[in-house]
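# Inside the fold
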Amino acid sequence: MRILLAASEAVPFAKTGGLADVASGLSKALSARGHEVTLVLPYYRQAMSEAIPRQPTGRFLETSLGDLKVRAVVLESRLEGSDARVLLIDHPHYFDRSGLYVQQGSDYPDNCERFCAFSRLVMETARAFHLQPDIVHANDWQTGLIPALQQIEYRRQSGFERTAAVLTIHNMAYQGTFWQQDMHLTGLGHEYFNWNQMEHYGQLNLLKTGIVFSDAVTTVSPTYAREIQTDRFGCGLEGVLQHHGSKLTGILNGIDIDVWNPESDPAIPMPYSKENVKPGKAACKKKLQRRFNLSENPFTPLCGMISRMSEQKGFDLIQGCINDLLREDIQLVFLGTGDSHYEDFIRDLASKRPDKVAAMIGFDETLAHQIEAGSDIYLMPSRFEPCGLNQMYSQAYGTVPVVHAVGGLVDSVIDCTPETLADRIATGFHFQEYTSDAFLARLKDALAAYRDDDVWDVLIDNGMSCDWSWNRSAEVYEQTYERALASLPNNPPSTPE
Ligand code: ADP
C-alpha cells in the first residue's frame, strides 16, 4: 500500500510525548512490511538543530485558508535504518519557534491557523509529489482536518479517488477546540459547522472533525477504545464516538526495540538479557543508587517513575500516601517535568528525604534508560492512560510495573494473581480504584512479592518474554487500512480538478 502518515511530531525530528515515538515507530514497521511510507511533519526549530540529514526537494507548495495564502517549501529526510521517507514542511513563520504547541505554559494563539495550514499542506504534498496514497493517516487534532479535506475536497480529484482517511486518537484530553470565528481558517464552507460535523458546543473541534470524516478511527489500546465511549473518559466526545463506534478500533502501540533493548542499550552500565538479568540489573541498580547518592543496598526495592508531571499521571495519589510509603524499606527515583506544583512536591520530597527519594526535574533520555534498567519496580498510577510506553519499556527491562487498571495499562500489564502466576503470564500489579489507599495497598503487594524470589523471578521472566515490537501492531493497522479501503463508496463523485 502507499501510505501517507501525517503527524505533528516524530522522533528524532521533534518530540513532546508518546505521539512522536508512535509516528516514527509505526512508519518504520509499515515500511519494513513492504509498504511505501511517507511521513509528513512540520519542520520545527527542534528538527533544524538536530544533526539530522535533510535536503531540499525543490518543491514549493501553495494553499489557502479562506483569504489567506500560505506558501511553503518541502525538505526531504529519511527515518534511520528504514526506507520510510520523511517530508518536512518548511514554513518558518509557523514552525521556527521555541515550542511545538506551547510557549511559557500557554498555547500559541495561532495554533488553529498553524495546524489547519499544515493539514492543507500535507494534502498538497501528496499532490505535488504524485503520491496517490491508498491511505492518508492523520494523528490527533493537529491533523484532524485532513480526513475532512480528503472527503470534501480531494476525493473528487485525480490521485485521491480511492484514498481512505484514517485518524488515530492518541489522547482524548487534547481536542483542538477553537472559537467559531476560526472556522474560516479551515477553508471549508460554513455549512460544515454543525453539531454532526465540525462544531461541538459552539466551538470548532478539530478532533471531532477527524472522527466524523475518517473512514476508520483508531486509538492506541483496545481498552481505551471502549473507555472513550463513556462519559468518564470521553472528554465530552463520548456521544460522537458511540455514534461512530463501528469504525473505531483499539490498537496497542509497540515500542522501538532497537532503542529500548537492555541487551544493546549504550546508556546502561551492563547490558543484560533474560539469561543474565540478575547480575545485569544489580549492576544498573548500583550505578543508579550511586548517581543519586542513595545507599547502595541491593536488597532495598528501588521504584522508578519517568513522566510528564501532569494531572494525568497520578502524582496526586503519590502525594496522598507518601508518608505511609516512606515508612517502607524503599527507594524512589523520579524523572520528569511539568506542572510546577508537582515539580515542587517532588523536589521538596527529595530534599527532605535524601535517604529515600531522589529526583531529577528535567527531560533526560539517557537517564530514562538508566532508571528503567536500574529500578526493581516501575510506578504508573495514571488517572487515565491511552496506551503508555514506560510500562512496556519496564517489562522489556525486567522492571515490574504497578499500574492503575485503565486504558493501555490493562492491555499491556497482566495483573499478578495466584492464577496468572501459576499460568506464568503475570507481569505486574493492577489497582482498580483511583485512590491513594488502593495504590499503596497494591504497591505493598509488589514489595512483598519482591521479597519472594520464586514469585519475582517469574514476573521478570514473563515481562521480558513479551513481544512489544511494532511489527505486531503494524499488522493490525494494515487490517484497519484494508477495512477502510473496503468501506469506500464504489463511485466517488468525480469533477475535474
Ligand atoms: P505521554 O505521551 O502521555 O507523555 P507515554 O508513556 O505514552 O506518555 O510516553 C512518554 C514518553 O516520553 C516515554 O518515551 C517516556 O520515557 C518519555 N519521557 C517522559 N518524560 C520524560 C523525561 N522527563 N525525560 C526523558 N524521557 C521522558
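Conventions we followed
- Residues numbered from 1 in each chain as written.
- Predicted model: local features only at pLDDT ≥ 70, side-chain atom pairs only at ≥ 80, totals over all residues.
- Heavy atoms only, no water.
- Salt bridge = Lys/Arg side-chain N within 4 Å of Asp/Glu carboxyl O.
- Helix = DSSP H or I, 4+ residues; strand = E, 2+ residues; numbered from the N terminus.
- Buried < 20%, exposed > 50% of the residue type's maximum accessible area, 1.4 Å probe, protein only.
- Pairing = 2+ DSSP bridges.
- Contact = heavy atoms within 4.5 Å.
- Phe/Tyr/Trp six-rings, centres within 6.5 Å; stacked < 30°, edge-to-face > 60°.
- Lys NZ or Arg CZ within 6 Å of the ring centre and 35° of its normal.
- Near = heavy atom within 4 Å.
- Polar contact = N/O pair within 3.5 Å; in protein donor to acceptor, adjacent residues only side chain to side chain.
- Areas by Shrake-Rupley, 256 points an atom, 1.4 Å probe, with all protein chains shown as cover.
- Nonpolar A, V, L, I, M, F, W, Y, C, P; charged D, E, K, R; others polar.
- Domains from an automatic or database assignment.
- Axes fitted to C-alpha atoms, helices over the stretch in contact; angles between N-to-C directions.
- Buried area = accessible area lost by both parts, 1.4 Å probe.

### Looking at the pattern of salt bridges
- For the structure on display, the rule yields 27 salt bridges.
- With a shortest N-O distance of 2.7 Å, Arg127 and Glu124 are connected by a salt bridge. Here Arg127 and its partner Glu124 are both found in helix α4 (residues 111–128), three residues apart, which amounts to about one turn of the helix.
- Judged by its relative accessible area of 12%, Glu124 falls in the buried class.
- Because the salt bridges share partners, they merge into one network encompassing Glu76, Arg78 and Arg85.

### Some details on the pairing of strand β4 (residues 68–78)
- Summarising the sheet, strand β3 (residues 55–65) and β4 pair through eight bridges and their orientation is antiparallel. Of the residues in β4, the one forming a bridge with Phe60 is Val73.
- Count of turn residues in the β3/β4 antiparallel hairpin: two residues, of which Gly66 carries a positive phi of about 60°.
- Connecting β4 to the antiparallel partner strand β5 (residues 85–90) that follows it, the hairpin turn spans six residues, and Gly81 within it adopts a positive phi of roughly 70°.

### Observations regarding the environment of Ile135
- Along the chain, Ile135 turns up in strand β8 (residues 135–139).
- Its relative accessible area of 0% is what places Ile135 among the buried residues.
- C-alpha of Ile135 to C-alpha of Phe160: the two residues are 25 residues apart in sequence and 9.4 Å apart in space.

### Overview of helix α5 (residues 145–152)
- The element α5 is extensively covered by neighbouring structure, given that seven of its eight residues are classed as buried.
- Among the residues of α5, Leu145, Ile146, Pro147, Ala148, Leu149, Gln150 and Ile152 are the ones counted as buried.
- Here the buried face of α5 lies against β1 (2–6), α4, β8, β9 (164–169) and α6 (206–213).

### A look at the packing of aromatic side chains
- The full count for this structure, using the stated rule, is 15 aromatic pairs.
- Centroid distance Tyr450 to Trp456: 5.4 Å. Interplanar angle 85°. Geometry classified as edge-to-face. Judged on exposure class, the residue Tyr450 and its partner Trp456 are both buried.
- These aromatic residues form a ring-pair network of at least three members: Tyr44, Tyr94, Phe95, Tyr101, Phe115, Phe118, Trp141 and Phe178.
- Positioned above the aromatic ring of Tyr108, the side-chain terminus of Arg97 is 4.8 Å from the ring centre.
- A cation sits over an aromatic face here: Arg291 above Phe292, 5.4 Å from the ring centre.

### Observations concerning the site of the ligand
- Taken together, 18 residues sit near the ligand, with Gly18, Arg308, Lys313, Gly362 and Asp364 positioned nearest.
- Side-chain polar atom of Arg308 to an oxygen atom of the ligand: 2.7 Å apart, as the coordinates give it.
- One of the side-chain N or O atoms of Lys313 is found 2.9 Å from an oxygen atom in the ligand.
- Burial of the ligand by the protein chains amounts to 92% of its free accessible area of 560 Å².
- If you list the elements that add at least two residues to the shell around the ligand, you get α1 (18–32), β15 (302–309), β16 (331–338) and α13 (390–396).
- When residues of the shell around the ligand are assigned to their parent elements, the largest contribution, three residues, is made by β15.
- For the shell around the ligand, the class distribution of residues is six nonpolar, seven polar and five charged.
- When residues are assigned to domains, the shell around the ligand turns out to be shared by domain 1 (2–254 + 472–486) and domain 2 (274–467), each giving three or more.

### Some remarks on the sheet that holds β5
- One open sheet accounts for nine strands, arranged β3-β4-β5-β2-β1-β8-β9-β13-β14; its pairing is mixed. Strand pairing shows two members of the sheet lacking a second neighbour, β3 and β14 (248–250), which therefore form its edges. Put simply, the sheet's adjacent strands are angled 25° from each other on average, direction ignored.
- Along the sheet, α5 contacts β1, β8 and β9; its crossing angle with β8, the most-contacted strand, is approximately 150°.
- Helix-sheet contacts for helix α18 (residues 470–486) involve β1, β8, β9, β13 (216–219) and β14, and the interaxial angle to β9 is about 135°.

### Description of the side chain of His137
- Secondary-structure assignment places His137 in strand β8.
- Beyond its immediate sequence surroundings of up to four residues, His137 is in contact with Leu4, Leu5, Ala6, Leu26, Val166, Thr168, Tyr477 and Tyr481.

### Observations concerning the domain arrangement of the chain
- Per the domain assignment, the segments making up the chain are domain 1 (2–254 + 472–486) and domain 2 (274–467).
- The gap between the C-alpha centroids of domain 1 and domain 2 is 33 Å.
- Of the roughly 1,400 Å² buried between domain 1 and domain 2, counting both surfaces, carbon and sulfur atoms make up 58%.
- Contact with domain 2 buries surface across domain 1, with Thr223, Leu252 and Arg472 losing the most and accounting together for 26% of the total.
- Scanning the region where domain 1 abuts domain 2 turns up zero salt bridges.
- Remark: the boundary between domain 1 and domain 2 carries six residue pairs in polar contact (both at pLDDT 80 or more).
- Sorting elements by how many residues they give to the side of domain 1 that touches domain 2 places helix α7 (residues 222–227) first, with four residues.
- Its residues assigned to classes, the side of domain 1 that touches domain 2 comprises seven nonpolar, seven polar and five charged.

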